[in-house]
2 protein chains.
Amino acid sequence: MSTPKRVFNFNPGPAALPLEVLETAQAELLDFKGTDMSVMEISHRSKEFEAVIQTAEADLRELLGIPANYKVMFLQGGASLQFAMVPMNLRLAGASADYIVTGSWSRTAFKEATKLGTTRAAANTEKESFKCLPASLDLDPNAAYLHFTSNETIHGVEFFTEPTPPAGVPLVCDMSSDFISRPIDVSRYALMYAGAQKNAGPAGVVVVIARDDLLERTPANLPVMLDYKALAASGSLHNTPPAFAIYIVGLVLQWAKKLGGLAEVEKVNRRKAELVYKAIDESGGFYRGHAVPEARSIMNIPFRLPSEELEEAFAREAKSNALIGLKGHRSVGGIRASLYNAMTAAGAEELVKFMKEFQKKNG
Amino acid sequence: MSTPKRVFNFNPGPAALPLEVLETAQAELLDFKGTDMSVMEISHRSKEFEAVIQTAEADLRELLGIPANYKVMFLQGGASLQFAMVPMNLRLAGASADYIVTGSWSRTAFKEATKLGTTRAAANTEKESFKCLPASLDLDPNAAYLHFTSNETIHGVEFFTEPTPPAGVPLVCDMSSDFISRPIDVSRYALMYAGAQKNAGPAGVVVVIARDDLLERTPANLPVMLDYKALAASGSLHNTPPAFAIYIVGLVLQWAKKLGGLAEVEKVNRRKAELVYKAIDESGGFYRGHAVPEARSIMNIPFRLPSEELEEAFAREAKSNALIGLKGHRSVGGIRASLYNAMTAAGAEELVKFMKEFQKKNG
């Protein structure tokens, strides 16, 4: 096969995958490791698939530095199902849970948890149009847990330092859109979850990392597919797992290891984001970033242009220049550049070049 | 690429996929329909993915003859999550649900429903080692619904005629392992669900087909990912769907249409099953089928040999003859041949040839 053309894919998720991951998947799609079967056709209880899932877990443990007293699960239903599973499993009977609301996704997590029991907003920046992180937190010392969203995909605000919960309150994080984008100290978290379809793989699998003591909270008689304790005990193999999605996650993790691990990944991510923010800041107000500078995400950069017509023209002309997926989320409008791990520095440079040309023509 | 070697894959699920489906997926893995992106990299809200999911739904409607007053959903969590979602959505407050227990899977569905509310066994063939269908049903005329499992993957018993519920009681079916294996009258069912990884695609997506009036039963304040009404209203796009798995399901449905539809698919399936049952019946007791003849599944054929040693040798030697996945389920033992849609008649013939040779050597 000839080298494929590749667009620069700024989609917010599902998003770009590393080219070599796709090439490996393509090469072995009909014959996985000499089985003469596709990885989609082998048993999830075969030694070949065991190697896939165990290697993925081991690589993730190595990349993130996951301590031995945490379980790793590869589940289905996306972060959206975790919005329900977290309170179902972790909010002890009669207790309340605290949520930090900093954007569309944490607001949804908060709403879902509220359906199921007592929930408090420890902070809510909606009045500030989700442009910033909260100046202070109103924390419940008896909360069952404190939930936050490390990066808001739609509003482009990111926590680079975890909020500190009161002593004894477990910290729970939706890390969907900055998972494995930089090193973190896993021991500061009690539980984290991340839909894979931004940095870690395709849609169809969500990674959950939970400290062992949290699993003891799972109440009796939860349906098994919603029961962290049972799912962790089965090694994500209670029922047939989303095998192909897990396989692709495994390839992405191997690729990240080859890049030199998360410290190297973060360097590239910071460099890409700096390029785009610099272009915004040096545009004399033609481009206006949504987030305040202190809260700027290095993953998702939503920004506005002087008019909606210009925003539409920007997205359209960018697409015809092979810069794909730049239209902002329908709830916010404008433009959004998502710069996940698989976006190359060359892609960010191309975007900046296009931004400058577009401004010259239309500014 | 040269024509690949292919084994005969008798796995119970994940299972064989049609070769041409895999070849199409491979050919367009890096460039889906001229997007210069993988189908895993495109937005689930793009016109390209809309075409994927809408075409899959239209083809499924055509193949199964799904009436207009039914919704089709492509969800996550497998049939195992449906075991919980069915009672959560359909068992009206205070009501009881009836379950027909004919094997391992319907027993599990029954157990999960029992965790969440009142459940009755309308029949249970466990004392008969799940070898047969129930001789009679003890039906609750006020049941919220009647649930059955049309084909028991592990025990190899299959309903070819649906049980008849009392007037007004909706019929609910786990159709995971005989879905799209033969024509059915969808209008006899109120809701059916099927994990794709047997006849319809890879693991990671479950198809749910629900009559509109059933969706009105969904209680308020269910988590949205467990809420049929909300999921149906969103066209399976409430959150990021398992896009690649849905894409493969779409290719499988196109393949089934090209074969001539489900009447043709059933002919091949019946021919394959007849070959294997004939080999069992003509073996003079060397091979003993698990199910009684009246209940024999045309999808999964579990059978025993005179000793466990011979069973192990059978599975091992079969594998070295490129007949894969014949070991029985760990809960039942013995041998199981799964003959899903993608298994060719040639595969069934090879298996029968091997059975005869093995018996000659060891009988």
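With that settled, the discussion passes to the pairing of strand β10 (residues 300–304) of chain B. A regular strand places its side chains on the two faces of the sheet in alternate fashion. Residue and element names in this part refer to chain B. Summarising burial for β10: four of the five residues are buried, a large majority. Note: strand β9 (residues 288–289) against β10, two bridges, orientation antiparallel. Paired with Gly289 across the strands is Phe303, a residue of β10. Judged from the four bridges that link them, β10 and strand β12 (residues 335–338) form a sheet pairing that is antiparallel. Looking across to β12, one finds that Ile301 is bridged to Ala337.

Residues and elements named next belong to chain A. Strands sit in the order β9-β10-β12 across an open sheet of three strands; the sheet is antiparallel. Either end of the sheet is taken by a strand with one partner, and the two such strands are β9 (288–289) and β12 (335–338). Set on the sheet, helix α8 (residues 262–281) makes contact with β9 and β10 (300–304); between it and β10 the angle comes to about 10°.

Once that is clear, we can look at the pattern of salt bridges. Applying the stated criterion across every chain yields a total of 47 salt bridges over all chains. Here Glu266(A) and Arg270(A) are joined by a salt bridge, their closest N and O atoms 3.0 Å apart. Taken as a pair, Glu266(A) and Arg270(A) lie in helix α8 at a separation of four residues, close to a single helical turn. Here Arg188(B) makes a salt bridge to Glu162(B), at a shortest N to O gap of 3.5 Å. Of this pair, Arg188(B) sits in the loop between β6 (171–174) and β7 (191–195) while Glu162(B) is found in the loop between β5 (146–149) and β6, placing the two residues 26 residues apart along the sequence.

Core analysis: the biggest nonpolar cluster contains 124 residues, and Phe179(A) and Phe179(B) have the highest contact counts within it. Excluding anything up to four places from it in sequence, Phe179(A) contacts Leu60(A), Leu64(A), Met192(A), Ala194(A), Asn199(A), Ala200(A), Val207(A) and Ile209(A). Core analysis: the second largest hydrophobic core is formed by 69 residues, Met73(A), Val86(A), Val172(A) and Leu191(B) among them.

All names here are of chain A. Residue Pro14 is bonded to the preceding Gly13 through a cis peptide linkage, with omega at -5°. Mapped onto the fold, Pro14 is located in the loop between β1 (8–9) and α1 (19–27). Even without being a glycine, Lys33 presents a positive backbone phi close to 50°. Structurally, the position occupied by Lys33 is in the loop between α1 and α2 (47–64). Of note in the backbone geometry, Phe130 takes a positive phi value of approximately 55° without being a glycine. Within the secondary structure, Phe130 sits in the loop between β4 (119–124) and β5 (146–149). Residue classification places Phe130 among the buried residues on the basis of a relative accessible area of 3%.

We now examine the domain arrangement of chain A. Residues and elements named next belong to chain A. Each assigned domain of chain A is listed here: domain 1 (23–259) and domain 2 (260–362). The C-alpha centroid of domain 2 is placed 27 Å from the C-alpha centroid of domain 1. The interface of domain 1 with domain 2 comprises 29 residues on the first partner and 27 residues on the second. When the two sides are added together, the surface that domain 1 and domain 2 hide from each other amounts to roughly 2,200 Å², 60% of it contributed by carbon and sulfur. Three residues, Lys131, Ile154 and Phe160, lead the burial of domain 1 against domain 2; their summed loss comes to 23% of the area buried on that side. At the surface where domain 1 touches domain 2, the tally comes to zero salt bridges. Every element with two or more residues in the side of domain 1 that touches domain 2 is listed here: α2 and α7 (243–258). If one sorts the elements of the side of domain 1 that touches domain 2 by residue count, α7 sits on top with four residues. For the side of domain 1 that touches domain 2, the residue count by class is 13 nonpolar, eight polar and eight charged.

Calculation rules
Each chain has its residues counted from 1, following the order in which its sequence is written. Here the convention is simple: chains get letters from A, ligands get numbers from 1, in the order in which they are written. Per-residue local features are limited, in this predicted model, to residues with pLDDT of at least 70; the limit for side-chain atom pairs, both in listing and counting, is 80 or more; totals at the level of whole chains, interfaces and linings are taken over all residues. Excluding hydrogens and water, the side-chain values take into account all heavy atoms of the structure. Only protein chains enter the accessibility calculation, which uses a 1.4 Å probe; a residue is then buried when its area is under 20% of its type maximum, exposed when over 50%, and partly exposed in between. The secondary structure listing takes helices from DSSP runs of H or I that are at least 4 residues long and strands from runs of E that are at least 2 residues long, numbered from the N terminus. One bridge is not enough; two strands pair if DSSP finds at least two bridges between them. Residue contacts are defined here by distance: any two heavy atoms, one from each residue, within 4.5 Å place the two residues in contact. Each axis is a line fitted through C-alpha atoms, taken for helices only over the stretch in contact, and angles between the N-to-C directions span 0 to 180 degrees. Just to be clear on terms, a salt bridge is a Lys or Arg side-chain nitrogen sitting within 4 Å of an Asp or Glu carboxyl oxygen. Throughout, nonpolar core names a set of buried Ala, Val, Leu, Ile, Met, Phe, Trp, Tyr and Cys residues whose side chains join them through atoms within 4.5 Å. Just so you know, the domain bounds were taken from an automatic or database domain assignment. A quick way to say it: buried area is the sum, across both parts, of accessible area lost when two parts are put together, with a 1.4 Å probe. Put simply, Ala, Val, Leu, Ile, Met, Phe, Trp, Tyr, Cys and Pro go in the nonpolar bin, Asp, Glu, Lys and Arg in the charged bin, and everything else, Gly too, in the polar bin.

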